[in-house]
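Now for the letters of each chain:
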Amino acid sequence: MAVGAEKLYNENKAKSFGAIATGTDVENVRVMIDSWIKRLNDLGIVTSAEDVVDPNNLTRSPMMDIYAYMIRWHMKTYGTTQHQLALITSKDHWHGSMNPKAQYQKEMTVEEVLAGKPVLYPLTAPMCAPLGDGSAAPSSALPIS
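Reference entry: report on the structure contained in this document.

Reading the values: the criteria
Residues numbered from 1 in each chain as written. Predicted model: local features only at pLDDT ≥ 70, side-chain atom pairs only at ≥ 80, totals over all residues. Heavy atoms only, no water. Helix = DSSP H or I, 4+ residues; strand = E, 2+ residues; numbered from the N terminus. Contact = heavy atoms within 4.5 Å. Expected span 1.5 Å × (residues − 1). Buried < 20%, exposed > 50% of the residue type's maximum accessible area, 1.4 Å probe, protein only. Core = buried A, V, L, I, M, F, W, Y, C linked by side-chain atoms within 4.5 Å.

By secondary structure assignment, the location of Thr 89 is in helix α4 (residues 82–97). If near-sequence neighbours (up to four positions away) are discounted, Thr 89 is found in contact with Val 113, Pro 126 and Met 127.

Quick look at the structure:
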């Protein structure tokens, strides 16, 4: 049997966001972020002080910054729009509304998704996964010899 657990939620957002940041090489987060910002700038995407990771993890997880950079690269490279991201999010919230175990169980229109609290362009809060705790203990389908 394999057992896994994750404890992310904490009243202190800095602890929660800091834990999420450990999902990447903690010694190279700054290098990765600087690399993405350079990649965006090389494509002509203007970055600002708002694009700098919150070093205290109080406003958002550094992973949200990295996801936003990746999405902005995709938008510039392939023409993806924030509206298309909102369509996907709206569909996902619709699916969640039918799942009694989903953290988000409320349907959201595209307009509601776009009007959500900004995280880092192009992401709004409804586009981001909620913090949550979880665990699993799946047993092997193969016989143990």
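This part is about helix α3 (residues 62–78). The first and last C-alpha atoms of α3 sit 24 Å apart over 17 residues, in line with the 24 Å expected at 1.5 Å per residue. By the burial criterion, the buried members of α3 are Pro 62, Met 63, Met 64, Asp 65, Ile 66, Ala 68, Tyr 69, Ile 71, Arg 72 and Met 75. Just downstream of α3, Gly 79 is the residue with a positive phi angle, here 80 degrees.

Let us now look at the nonpolar core. Formed by 22 residues in total, the largest nonpolar core has its most connected members in Ile 33, Tyr 69, Leu 123 and Met 127. Counting only elements with at least two residues in this core, the list comes to α2 (29–42), α3, α4 and α5 (110–114). Tallying contributions element by element places α3 first for this core, with seven residues.

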